[in-house]
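Here's the letter readout for the chains.
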Amino acid sequence: MNNSNGYSAKFSLLTDFIDCRTSLRQIVARIVKPQDIEDILQETFIRACAASERTEIRNPRSFMLRTARNLALNNVTTAYEKRTRIEDIESSDVCPKTEPLETRLESKERFLGFCRAVRGLPPQCRRVFVLRKVYGFSQKEIAQRLQISESTVEKHVAKGLLLCRQSMFERGHLEAGPARKSTEYGKSQLKYG
């Protein structure tokens, strides 16, 4: 599989994932606790990407729904097994060997905040932003793929960064505010199709 076909397949898979996210969430929500839903959805997408590198997925929606369901069921089983093992261990034998739970939760929350910020971008801006920042396409490749000018690609990326930063700040995931205040210059630079 050459590079452009690989990117195309991943972008198509991402589009399918976004389109069926609500259905995935509903299936998973019936099985696991609310705090586990986002992790399972992320793992579903990661597994779909990995599978698509090995073989063609003919029905991505069906594949992701089945994968999400199986991951949710595994999550419940694993949680039960962990709970049973922990009950058997005396508290004096327990010593933390990983980073503090608060740090891990904060990191996950920031990542989820970023995902929500990206999801909130206007559709064309989101497409360009994901192609550039997630998949690493060059401005020229994106311009050719989406049939827009390179300057429009650049503006979409800049707008995506600014809007994501603002969203992260508003949700409390960043300590400092946006890099620049909205000025007439900034507003005029962000108003485009």
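Scroll up to find the structure.
Residues numbered from 1 in each chain as written. Predicted model: local features only at pLDDT ≥ 70, side-chain atom pairs only at ≥ 80, totals over all residues. Heavy atoms only, no water.

## Regarding the overall build of the chain
Here is step 1: When you go through the chain residue by residue, the secondary structure sums to nine helices and zero strands.
Here is step 2: Relative to its 193 residues, the chain shows a buried fraction of 28%.
Here is step 3: Considering only contacts in the chain between residues 6 or more positions apart, those separated by 24 or more positions represent 59%.
Here is step 4: Summed over all atoms, the accessible surface of the chain reaches about 13100 Å², with 50% contributed by carbon and sulfur. (Helix = DSSP H or I, 4+ residues; strand = E, 2+ residues; numbered from the N terminus. Buried < 20%, exposed > 50% of the residue type's maximum accessible area, 1.4 Å probe, protein only. Contact = heavy atoms within 4.5 Å. Areas by Shrake-Rupley, 256 points an atom, 1.4 Å probe, with all protein chains shown as cover.)

## A word on the packing of aromatic side chains
Here is step 1: Using the criterion set out here, one finds two aromatic pairs in the structure.
Here is step 2: A centroid spacing of 6.4 Å and a plane angle of 50° characterise the contact between Phe114 and Phe129, whose relative ring orientation is tilted. Placement of Phe114 in helix α5 (residues 101–119) and of Phe129 in helix α6 (residues 123–134) is noted, with a sequence separation of 15 residues between them. (Phe/Tyr/Trp six-rings, centres within 6.5 Å; stacked < 30°, edge-to-face > 60°.)

## Describing the environment of Ile27
Here is step 1: Note on placement: Ile27 falls in helix α2 (residues 21–29).
Here is step 2: A sequence separation of 41 residues divides Ile27 from Ala68, and the C-alpha atoms of the two residues are 7.6 Å apart.
Here is step 3: If we skip the residues at most four places from it in the chain, Ile27 touches Leu65 and Arg69.

## Notes on the environment of Cys20
Here is step 1: Along the chain, Cys20 falls in the loop between α1 (3–19) and α2.
Here is step 2: Separated by 42 residues in the primary sequence, Cys20 and Ser62 place their C-alpha atoms 9.5 Å from one another.
Here is step 3: Setting aside residues no more than four positions away along its own chain, Cys20 makes contact with Arg61 and Met64.

## A short note on the pattern of salt bridges
Here is step 1: As enumerated under the stated definition, the model contains four salt bridges in all.
Here is step 2: In this structure, Glu109 and Arg116 form a salt bridge, with 3.7 Å as the shortest nitrogen-oxygen distance.
Here is step 3: Arg116 gets classed as partly exposed once you look at its relative accessible area, which sits at 26%.
Here is step 4: Here the salt bridges share partners, and the residues they tie into one network are Arg21, Arg25 and Glu38. (Salt bridge = Lys/Arg side-chain N within 4 Å of Asp/Glu carboxyl O.)

## Quick look at α5
Here is step 1: The end-to-end C-alpha separation of α5 is 27 Å, in line with the 27 Å expected for 19 residues at 1.5 Å each.
Here is step 2: Considered for burial, the residues of α5 that qualify are Leu112, Gly113, Ala117 and Val118.
Here is step 3: Next to the buried residues of α5 lie α3 (37–54), α6 and α8 (150–170). (Expected span 1.5 Å × (residues − 1).)

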